[in-house]
Amino acid sequence: MVGGLVTGDVAEGLGRSDIRKALAAEYKALEYSASGQSVAWTGSFGRSGEVTPAQPYRVGSQDCRQYTHRLTVGGTTRTARGTACRNRDGSWATLT
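Residues numbered from 1 in each chain as written. Predicted model: local features only at pLDDT ≥ 70, side-chain atom pairs only at ≥ 80, totals over all residues. Heavy atoms only, no water.

*Asks:* Lay out helix 1 (residues 16–32) with the relevant residues and their values.
*Replies:* In this model helix 1 runs 24 Å from its N-terminal to its C-terminal C-alpha over 17 residues, within 8% of the 24 Å that 1.5 Å per residue would give. Three or more residues of helix 1 are buried, namely Asp18, Ala22, Ala25, Glu26, Ala29 and Leu30. Projected onto a plane normal to the axis of helix 1, the buried residues spread over an arc of 125° and lie on a single side. Away from the buried face of helix 1 by more than 90 degrees, exposed residues Arg16, Arg20 and Tyr32 are located. Looking at the buried residues of helix 1, the elements they touch are strand 1 (39–42), strand 2 (48–53), strand 4 (62–73), strand 5 (76–86) and strand 6 (92–94). (Helix = DSSP H or I, 4+ residues; strand = E, 2+ residues; numbered from the N terminus. Expected span 1.5 Å × (residues − 1). Buried < 20%, exposed > 50% of the residue type's maximum accessible area, 1.4 Å probe, protein only. Arc of directions from axis to C-beta. Contact = heavy atoms within 4.5 Å.)

See below:
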């Protein structure tokens, strides 16, 4: 996963291990989940999240998906939305 939605203000309060788990959930959702099927992750100290991908679509020769990542840190839930497209090497890169 190149980039990811877990950056800036959205990532505030997350540890490195939490960020790795969140990015792994983004990859799993984009790569394997059906549209609307969420992938959950649980980190340390009650931190958690859920990644929900939308229907895949093509832009030129690239496969892309919009997705939503809801994170809960310290009892507060934050939502980030973005789009990721698959690179030629098979990795996903977040566009927004």
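*Asks:* Before we move on, can you summarise unusual backbone geometry with the specific residues and values?
*Replies:* Although it is not a glycine, Phe45 sits at a positive phi angle of roughly 55°. Relative to the helices and strands, Phe45 is located in the loop between strand 1 and strand 2.

*Asks:* I'd like to hear about the environment of Gly74, residue by residue, with values.
*Replies:* When you line up the elements, Gly74 lands in the loop between strand 4 and strand 5. Looking at Gly74, the relative accessible area reads 73%, which means it is exposed. Sequence spacing of Gly74 and Tyr57 is 17 residues, and the spatial spacing of their C-alpha atoms is 35 Å.

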